[in-house]
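Fold and contact review
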Amino acid sequence: MMLADTPIRLDRLDHIPTSLIGSEPEAILDSLPHPSVITLAGDRGPPLWLSLLLHGNETSSFHVLRMLAERYRDRPPPRDLSIFVGNVRATAAGKRFLPGQPDFNRIWSDGESPYHALVREVTEIAREQNPFASVDIHNNSGRNPHYGCVNALRPADLHLAAMFDQLGVYYRTPSSTQSIAFSAFCPAVTIECGKTGDHDGHMHALDFIDRVLDLDRFPDTAPTKDALKLYHTVGSMIVDPDASIAFAPDEADVVLDEGLEALNFVDLQAGAYLARAGSPRSPIAVIDEQGHDLTDLFFDVDDGRISLKRPATPAMITRDLDIVKQDCLGYLMERL
Ligand SMILES: [Zn+2]
């Protein structure tokens, strides 16, 4: 059998290994050598589902797991808790995913790989448990406020996001994420807890989980526009792969404003300055989810200055130029 076709083992546990208490992400394989589903019996059902470490280098969820291991070592949680711990090998290596692996948050739709089979098994386990809600915990690579992502505009999903933070993002693409898959059978949210290693992110996530565990039921009506500021993505900002790029004051074909990262989730007006370019055409394109080029709709280039042509809200802008080149500079959003 080819290695690539070898099924991936899924462990089932009825407790969180206490060896995690006080341990570090690099040592996770000592406690959880394989992807695992951990089910804790609580004071009532149905369970809250947590999805942790789909991205191995986003370790807020590791710290949440460690704190839950300590808290529920000797007593049951107020509600059943089911926890999927995903890419443990990448966690041990401090990587988003390992060479030869897919991104663990892009495999929750149809596919033939052993990784797809793994999460199909997890999804089936979850579906049979008829979860109260699903929470997938992540970190951002750039400096962003904390926010929740939803994939359905149902009152329960929106309340779940609002319970985490006032900022929310609605998306349906990419369609292969954990929260889209789980939103087919329960309220689901992805929470973005700031940068990896940010202690506030760990505590915010844990506090949110506590409040969801204590919740009896979700309200029937959607939260107010003040309780949840909901955005949707209109396009990603892609930098021309042939252009050199730098943050000011360094020189390059595209010179990004030094304070660009601080604009994440700031509602910008037309005219807001973003970057300087040596060419009359913008080397930063705005591409929507269907691949349409919206650059001329959003950007003005005047004497080398790239600025917004219409109001928009940037998100997920990163200062990591490797990510900018491989993926994108960030996204433009509008209020839903
Ligand atoms: Zn992530």
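Note that the structure is a prediction, hence the values are computed from the model and not measured.

Describing the nonpolar core
- In terms of nonpolar packing, the biggest core is built from 90 residues, with Leu52, Leu65, Val85, Val135, Val189 and Ile284 touching the most fellow members.
- Counting the residues that make up this core, at least three belong to each of domain 1 (3-227) and domain 2 (233-335).
- Setting aside its immediate chain neighbours within four residues, Val189 contacts Val135, Gly148, Cys149, Val150, Asp157, Leu160, Ala161, Phe164 and Ser179.

Some thoughts on the domain arrangement of the protein chain
- For the protein chain, the assigned domains read domain 1 (3-227) and domain 2 (233-335).
- Taking only C-alpha atoms into account, the centre of domain 1 sits 31 Å from that of domain 2.
- Contacts between the two partners involve ten residues from domain 1 and, on the opposite side, 14 residues from domain 2.
- Partitioned by chemical class, the residues of the side of domain 1 that touches domain 2 number four nonpolar, five polar and one charged.

Considering the sheet that holds strand E12 (residues 273-277)
- Pairing in this open sheet of five strands is mixed, and the strands run E10-E11-E12-E15-E14 from one edge to the other. Looking at the sheet topology across the chains shown, the edges are occupied by strand E10 (245-247) and strand E14 (299-302). Across the sheet, the mean angle from the axis of one strand to that of its neighbour is 25°, orientation sign disregarded.
- Relative to strand E15 (residues 305-308), E12 runs antiparallel, the two sharing three bridges. Directly across from Ala275, in E15, lies its bridge partner Ile306.

Here we look at the packing of helix H2 (residues 60-71) against helix H7 (residues 199-214)
- Axis separation between H2 and H7 bottoms out at 9 Å; the angle between their running directions is 55°. When the axes of H2 and H7 are compared, the pair comes out oblique. Two packed elements cross with a definite hand, and for H2 against H7 that hand is right-handed. Of the residues in H7, those touching H2 at Ser60, His63, Val64 and Met67 are Gly201, His202, Ala205, Leu206 and Ile209.
- Of the residues in the contact of H2 with H7, the class split is five nonpolar, four polar and no charged.

What counts and how
Residues numbered from 1 in each chain as written. Predicted model: local features only at pLDDT ≥ 70, side-chain atom pairs only at ≥ 80, totals over all residues. Core = buried A, V, L, I, M, F, W, Y, C linked by C-beta atoms within 7 Å. Buried ≥ 20, exposed ≤ 12 C-beta atoms within 10 Å, placed from the backbone. Domains from an automatic or database assignment. Contact = placed C-beta atoms within 7 Å. Nonpolar A, V, L, I, M, F, W, Y, C, P; charged D, E, K, R; others polar. Pairing = 2+ DSSP bridges. Helix = DSSP H or I, 4+ residues; strand = E, 2+ residues; numbered from the N terminus. Axes fitted to C-alpha atoms, helices over the stretch in contact; angles between N-to-C directions. Parallel < 35°, antiparallel > 145°, perpendicular 65-115°, else oblique. Left-handed = near helix turned anticlockwise from the far one by under 90°.

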